[in-house]
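Descriptive analysis of the structure
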Amino acid sequence: MASYRVMLTSEVLLMDKPGRRERKSILHFLDHLASDPFQEGDFQENDNDGRVVQIKIIGRYALTFWADHAAREVRVTEIAEADVPN
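Here's what I pulled together on the structure shown here. Quick caveat: nothing in here was measured; it's all calculated off a predicted structure.

**Section: the packing of aromatic side chains**
- According to the stated counting rule, one finds one aromatic pair in the structure shown.
- Ring plane angle 65° and centroid distance 5.7 Å describe the contact between Phe 29 and Phe 65, whose orientation is recorded as edge-to-face. Within this pair, whereas Phe 29 is found in helix α2 (residues 20-35), its partner Phe 65 is found in strand β4 (residues 61-68), the two being separated by 36 residues in sequence.
- Judged by its relative accessible area of 8%, Phe 29 falls in the buried class.
- With relative accessibility at 1%, the residue Phe 65 sits in the buried group.
- Between the NZ or CZ atom of Arg 51 and the centre of the ring of Trp 66, over which it lies, the distance is 3.8 Å.

**Examining the pairing of β4**
- A large share of β4 lies buried, amounting to seven of its eight residues.
- Direction of pairing for strand β3 (residues 52-58) relative to β4: antiparallel, over a ladder of five bridges. Looking at β4, one finds that Ile 57 is bridged to Ala 62.
- Taking the residues that link successive antiparallel strands as the turn, the β3-β4 hairpin has two residues, and the phi of Gly 59 there is positive, at about 60°.

**Re the pattern of salt bridges**
- Applying the stated criterion across every chain, the model contains eight salt bridges.
- Of the charged contacts, one joins Lys 56 and Asp 42 as a salt bridge, the two residues approaching to 3.8 Å between their closest N and O atoms. Taken together, the residues span a long stretch of sequence, with Lys 56 in strand β3 and Asp 42 in the loop between α2 and β2 (43-46) at a distance of 14 residues.
- Judged by relative accessible area, Asp 42 falls into the partly exposed class, the value being 39%.
- For the salt bridge of Arg 51 with Asp 49, the shortest nitrogen-to-oxygen distance reads 3.8 Å.

**Description of the environment of Ile 58**
- With respect to the element layout, Ile 58 can be found in strand β3.
- In the structure, Ile 58 is positioned 35 residues away from Arg 23 in sequence and 9.3 Å away in space, judged by C-alpha atoms.
- Apart from residues no more than four positions distant in its own chain, Ile 58 is found in contact with Ser 25, Ile 26, Phe 29 and Leu 63.

**Some points on the layout of surface pockets**
- Looking at the largest pocket, its volume works out to about 250 Å³.
- What lines the largest pocket is simply Leu 8, Val 12, Leu 13, Met 15, Asp 16, Lys 17, Pro 18, Arg 23, Ile 26, Leu 27, Leu 30 and Ile 79.
- Going through the elements one at a time, α1 (10-13) and α2 are the ones with two or more residues in the lining of the largest pocket.
- A total of four residues in the lining of the largest pocket trace back to one element, the largest contributor, which is α2.
- Of the residues that constitute the lining of the largest pocket, the class distribution is nine nonpolar, no polar and three charged.
- In terms of lining, the second largest pocket is formed by 13 residues, of which the most central are Glu 45, Val 53, Thr 64, Thr 77 and Glu 78.
- Counting only elements with at least two residues in the lining of the second largest pocket, the list comes to β2, β3, β4 and β5 (73-81).
- Here the residues of the lining of the second largest pocket sort into five nonpolar, four polar and four charged.

Analysis parameters
Residues numbered from 1 in each chain as written. Predicted model: local features only at pLDDT ≥ 70, side-chain atom pairs only at ≥ 80, totals over all residues. Heavy atoms only, no water. Phe/Tyr/Trp six-rings, centres within 6.5 Å; stacked < 30°, edge-to-face > 60°. Helix = DSSP H or I, 4+ residues; strand = E, 2+ residues; numbered from the N terminus. Buried < 20%, exposed > 50% of the residue type's maximum accessible area, 1.4 Å probe, protein only. Lys NZ or Arg CZ within 6 Å of the ring centre and 35° of its normal. Pairing = 2+ DSSP bridges. Salt bridge = Lys/Arg side-chain N within 4 Å of Asp/Glu carboxyl O. Contact = heavy atoms within 4.5 Å. 1 Å grid on protein atoms, 1.4 Å probe; cavity = no way out; pocket = protein on both sides within 12 Å on 5 of 7 lines; lining within 4 Å. Points joined across faces, edges and corners; volume = space filled by probe spheres on them. Nonpolar A, V, L, I, M, F, W, Y, C, P; charged D, E, K, R; others polar.

Such coordinate-based values are descriptive only and should not be taken to indicate function.
Below you can see the structure in the form of structure tokens.
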């Protein structure tokens, strides 16, 4: 199967910059998403449009995404600090 494109919203680009190790982990996960867009996150919830989105915890960050299979894209809509216990 050909890779999907991973698309980021402008809000994602405005996030606080993660440290080098977390940035590397996030980029690795995004590459993996492109080659396997059917994977699920650690959690699921509905977005404002009622669409089921996946939430993947990577270090201190929660990455929200959904796959647009018709467009062959994975849309990353948010990367925010996760509410995870220390």
